[in-house]
Amino acid sequence: MTARRIIPCLDVKDGRVVKGVRFEGHVDMGDAVELALRYRDQGADELVFYDITASPEGRTLDYGWIADIARDLDIPFCVAGGIADADQAARCLDHGADKVSVNSRALARPGLITQMAERLGRQCVVVGVDSRIIDGEWQVHQFTGDPSATKRTGRRTLDWILEAEALGAGEIVLNVMDQDGVRKGYDIAQLKAARERLTIPLVASGGAGATDHFREVFEQADVSGALAASVFHTGAIAIPDLKRYLADAGQEIRL
Amino acid sequence: MTEVALLDYGAGNLASVQFAFERLGARVRRVSDAAGINEAERLVLPGVGAAAWAMRRLDARGLSDPIRAFPRPLIGLCLGQQLLFESSAEGDVPLLGLIPGQVIPLTPGPGLTVPHMGWSALSDLADDPLTEGVEDGAYVYFVHGFACPDGPATLARARHGTPFPAMVRQGNRWGCQFHPERSSTTGARILSNFLAIDA
């Protein structure tokens, strides 16, 4: 059927891949194009590039850089960061991106999702959601690239992902912030609850620290893909080993 | 150097398709009118999004009939494959009508998300210049919410709940429902096979 996707996420700041811990402070991990090609060679199924500086600073993506990636890469990739309207999203695709992801801008103006879906087809439209537990509830956070700009939205995560799907999202990437960078595993309960409500693909993000975490999130939350950053960037988990482990555990994996 | 004409009608992932052919050493010429189609040695019909919308764009630009009449190798990619068929449940606009049948929506179900997004294995590969060197079980990358009808034109299948045509051929027209330009070495082999077909 459809293989579970292993998706390295490259948080990009000024052309360099960085990784934060609990969204406080960032560590330089290397050159974006170099890392992208390395992951392709290792068997990554897809890549996500988040320009984490774009949204808080009100900047938009550098399109030339998207074309540089697209010229060499022969697996799908998604770009995100400060995309404010359907024109900008279309330009990302024109430069070779396969999908565009919106997060804070869609929260501010949910109609953006519909405009992008109508213009580009919903299969190109990914909605990223940053979620954490507040007052015992899963709630959405906004502007998470920069700690000083992060804020609560008052929206409940499970309401928002359903609204995003209804508005035209083709995929949801659910990033659970309490888990991010801490590597204690994906938030299975939250992802399972999200999976049960959606009909579009769901990608898990935040918290991967061991190969077991990937197996658990596929087995228990039935997500289409699992996204991770630091464990791949630091070499703590090698993608070929991870994919073989998951295949041996009975998951459908592209080897 | 082999040359391919890439049809630019405002509904496509042109850059990624162009880059993929360029990686194979082909020269890519973007064409956007009837003359460009008529002159092409081989023609690529890309497309993402909705069939009815894309078809209206082809019609409005006077491109539908030149595509129908194109006598040399043509390949439709993703939505481009769907456009080769007669009609789509997505809208009441007739498609190119080069292959019989109606394009129908995929249905979500337990463990079955729509759009079908990700890597799925090819099966039931027919013997054809386009499938040469491609093995049963090879994974390719799909992103689609609609599927083409199965029939004599089917060259390969993939499964999303039920089997659907992943590749088709009718005479000098071929199609891939998946994105060969994003399907790693298997996709590159398929595009390279297309370049090797006698024009």
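Refer to the structure presented above.
Residues numbered from 1 in each chain as written. Chains lettered and ligands numbered in written order. Predicted model: local features only at pLDDT ≥ 70, side-chain atom pairs only at ≥ 80, totals over all residues. Heavy atoms only, no water.

Caption draft 1: Inspection of the overall build of chain A at higher detail. Counting secondary structure elements, chain A contains 11 helices and 12 strands. Residue pairs in contact within chain A that sit at least 24 positions apart in sequence constitute 64% of those at least 6 positions apart. Put simply, chain A shows about 9200 Å² of open surface, and 45% of that area lies on carbon and sulfur atoms. (Helix = DSSP H or I, 4+ residues; strand = E, 2+ residues; numbered from the N terminus. Contact = heavy atoms within 4.5 Å. Areas by Shrake-Rupley, 256 points an atom, 1.4 Å probe, with all protein chains shown as cover.)

Caption draft 2: Representation of the interface of chain A and chain B. Across the boundary between the two partners, chain A contributes 35 residues, which contact 31 residues of chain B. Interface of chain A and chain B: buried area, both sides summed, is about 2600 Å²; carbon and sulfur atoms make up 58% of it. Here chain A and chain B share one salt bridge between them. When the shortest N-O distance is used, the salt bridge between B:R182 and A:D98 registers 2.6 Å. Summed over the shared surface of chain A and chain B, the result is 17 residue pairs in polar contact (both at pLDDT 80 or more). Among the elements that take part in the side of chain A that touches chain B, helix α3 (residues 63-72) of chain A stands out by supplying four residues, more than any other. Tallied by class, the residues present in the side of chain A that touches chain B amount to 12 nonpolar, eight polar and 15 charged. (Buried area = accessible area lost by both parts, 1.4 Å probe. Salt bridge = Lys/Arg side-chain N within 4 Å of Asp/Glu carboxyl O. Polar contact = N/O pair within 3.5 Å; in protein donor to acceptor, adjacent residues only side chain to side chain. Nonpolar A, V, L, I, M, F, W, Y, C, P; charged D, E, K, R; others polar.)

Caption draft 3: The arrangement of the side chain of A:R254 in detail. For A:R254, the location among the structural elements is in the segment after α11 (239-248). Since its relative accessible area comes to 11%, A:R254 is described here as buried. For A:R254, the side chain forms a polar contact with the main-chain oxygen of A:A44, separated by 3.0 Å. Every residue in contact with A:R254, bar those within four places of it in the chain, is listed here: A:A3, A:G43, A:A44, A:D45, A:K243, B:W119, B:Y139 and B:S184. (Buried < 20%, exposed > 50% of the residue type's maximum accessible area, 1.4 Å probe, protein only.)

Caption draft 4: Quick peek at the packing of aromatic side chains. Scanning all chains against the criterion turns up seven aromatic pairs over all chains. Ring centres of A:Y186 and A:F214 lie 5.7 Å apart, and the angle between their planes is 80°; on these two criteria the pair is classed as edge-to-face. A residue pair is termed long-range when its members are at least 10 positions apart, and A:Y186 in the loop between β10 (171-176) and α8 (188-197) and A:F214 in helix α9 (residues 211-221) qualify at 28 residues. The same class applies to A:Y186 as to A:F214, namely buried. Three or more aromatic residues joined by ring pairs form one cluster here, namely A:Y39, A:Y186, A:F214 and A:F232. For the cation-ring pair, A:R38 lies above A:Y39, with the distance from its terminal atom to the ring centre recorded as 5.6 Å. Stacked on the ring of B:W119, the Lys or Arg A:R254 has its end atom at 3.7 Å from the ring centre. (Phe/Tyr/Trp six-rings, centres within 6.5 Å; stacked < 30°, edge-to-face > 60°. Lys NZ or Arg CZ within 6 Å of the ring centre and 35° of its normal.)

Caption draft 5: Structural context of the pairing of strand β6 (residues 99-105) of chain B. All names here are of chain B. Pairing between strand β5 (residues 85-88) and β6: three bridges, direction parallel. Across the sheet, S87 pairs through a bridge with Q102, a residue of β6. With two bridges connecting them, β6 and strand β9 (residues 146-147) associate as antiparallel partners. Looking at the pairing, P105 lines up with F146 of β9. (Pairing = 2+ DSSP bridges.)

Caption draft 6: Summary view of the sheet that holds β9(B). The strand order across the open sheet formed by three strands is β5-β6-β9 (chain B), and the pairing between neighbours is mixed. Of all strands in the sheet, those bounded by a partner on one side alone are β5 and β9 of chain B.

Caption draft 7: Representation of unusual backbone geometry within the structure. A cis geometry characterises the amide bond from B:V114 onward to B:P115, with omega recorded as 5°. Its location among the elements puts B:P115 in the loop between β6 and β7 (116-121). Residue A:D135 is not a glycine yet carries a positive backbone phi of 50°. Looking at the element boundaries, A:D135 is found in the loop between β7 (125-134) and β8 (137-142). A positive phi angle is found at B:S184, which is not glycine, with a value near 55°. Position of B:S184 among the secondary structure elements: in helix α6 (residues 184-196).

Caption draft 8: Just the layout of surface pockets, in detail. Within this model, the largest pocket holds a volume of roughly 440 Å³. In terms of lining, the largest pocket is formed by 25 residues, of which the most central are A:L93, A:D94, B:A11, B:G12 and B:N13. Those elements that provide at least two residues to the lining of the largest pocket are α4 (86-94) and α6 (111-120) of chain A together with α1 (14-23), α3 (51-60) and β8 (139-144) of chain B. Examining the composition of the lining of the largest pocket, we find that three residues originate from one element, α4(A), more than from any other. (1 Å grid on protein atoms, 1.4 Å probe; cavity = no way out; pocket = protein on both sides within 12 Å on 5 of 7 lines; lining within 4 Å. Points joined across faces, edges and corners; volume = space filled by probe spheres on them.)

Caption draft 9: Geometry of the sheet that holds strand β11 (residues 162-170) of chain B. Residues and elements named next belong to chain B. Within the open sheet, the seven strands sit side by side as β2-β1-β3-β4-β12-β11-β10. Their pairing is mixed. Every other strand in the sheet has two partners, leaving β2 (27-31) and β10 (154-160) as the edge strands with one partner each. Along the sheet, successive strands turn relative to each other by an average axial angle of 25°, direction set aside. The pairing of strand β3 (residues 43-45) with strand β4 (residues 74-77) spans three bridges and is parallel. (Axes fitted to C-alpha atoms, helices over the stretch in contact; angles between N-to-C directions.)

In short, shape yes, function no, at least from these values alone.
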